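So you can see what is in the structure, the chains are spelled out below.
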Amino acid sequence: MNDTVTEATELDAMSIAEILEALPHRYPFLMIDKIIDINGDESAVGIKNITFNEPIFQGHFPGNPIFPGVLIIEGMAQTAGAIVIKHDGNANGKKIVMMLGVDNARFRKPAGPGDRLEFHISKMHRRRNVGRYEAKAIVDGKVVAEAEITAMIVGADS
């Protein structure tokens, strides 16, 4: 009999209440509704349910609503930031994650009302307070956007 215990990686999730605790973003700029399949700060899937009632569709574009690519990038970054804060601990709201850069961004297909955006985030590397994440936005199993996001953890009063 083998007495060795293999430690399994526990996948976790974040509700909207936990996301609001981790991130300073609020309506209308919070781009994620929940986060699932969290594996520490290694990977996660953020979920954004796009509805026609979002204020952005009044001007982007009337008669042909398309969710803006920059907001898809923001959703990717918010997902990465939330899992980093959850993993590291928020120190009573005194830490925030700020985006430093976006590289290799590509937009493949539009997303719009009725779509469920999934932000698939995977850590490329992290050194102390700076991390780099590979991110893909997926709708119905198809990649609609992708990018590499670099972010830094800072004190909220910095």
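Residues numbered from 1 in each chain as written. Predicted model: local features only at pLDDT ≥ 70, side-chain atom pairs only at ≥ 80, totals over all residues. Heavy atoms only, no water.

Undergrad: What is the right way to look at the nonpolar core in this model?
TA: Buried together is how nonpolar side chains tend to be arranged in soluble globular proteins. Residues Ile35, Phe67, Ile72, Met76, Leu117, Phe119 and Ala137 are the most contacted members of the largest nonpolar core, which totals 36 residues. Where this core is concerned, the elements lending two or more residues are helix H1 (16–22), strand S2 (34–39), helix H2 (69–88), strand S5 (116–127), strand S6 (130–139) and strand S7 (142–155). At 10 residues, H2 tops the list of elements feeding residues into this core. With residues near it in sequence (within four places) discarded, Leu117 still touches Gly46, Ile47, Lys48, Ile50, Phe67, Ile72, Ala111, Ala137, Ile138, Val139 and Val144. (Core = buried A, V, L, I, M, F, W, Y, C linked by side-chain atoms within 4.5 Å. Buried < 20%, exposed > 50% of the residue type's maximum accessible area, 1.4 Å probe, protein only. Helix = DSSP H or I, 4+ residues; strand = E, 2+ residues; numbered from the N terminus. Contact = heavy atoms within 4.5 Å.)

Undergrad: Would you mind showing me how to read the packing of aromatic side chains here?
TA: How two aromatic rings sit relative to each other is set out by the distance from centre to centre and by the angle between their planes. Scanning the entire structure with this criterion turns up two aromatic pairs. Ring plane angle 10° and centroid distance 6.4 Å describe the contact between Phe52 and Phe57, whose orientation is recorded as stacked. A residue is classified by how much of its surface remains accessible, and Phe52, at 56% relative accessible area, is exposed. By relative accessible area, Phe57 is classed as buried at 5%. Members of the aromatic cluster, connected to one another through ring pairs, are Phe52, Phe57 and Phe67. (Phe/Tyr/Trp six-rings, centres within 6.5 Å; stacked < 30°, edge-to-face > 60°.)

Undergrad: Quick question: what am I supposed to make of the pattern of salt bridges here?
TA: Here the structure, examined in full by the defined rule, presents 10 salt bridges. For Glu42, the salt bridge goes to Lys123, with nearest N and O atoms at 2.9 Å. One end of the pair, Glu42, is in the loop between S2 and strand S3 (43–49); the other, Lys123, is in strand S5, and 81 residues separate them in sequence. One salt bridge connects Arg126 with Asp88, and the closest N-O pair in it is separated by 2.3 Å. Taken together, the positions of Arg126 in strand S5 and Asp88 in helix H2 put the pair 38 residues apart, joining distant regions of the chain. Arg126 gets classed as partly exposed once you look at its relative accessible area, which sits at 24%. Exposure remark for Asp88: the relative accessible area of 31% places this residue in the partly exposed category. (Salt bridge = Lys/Arg side-chain N within 4 Å of Asp/Glu carboxyl O.)

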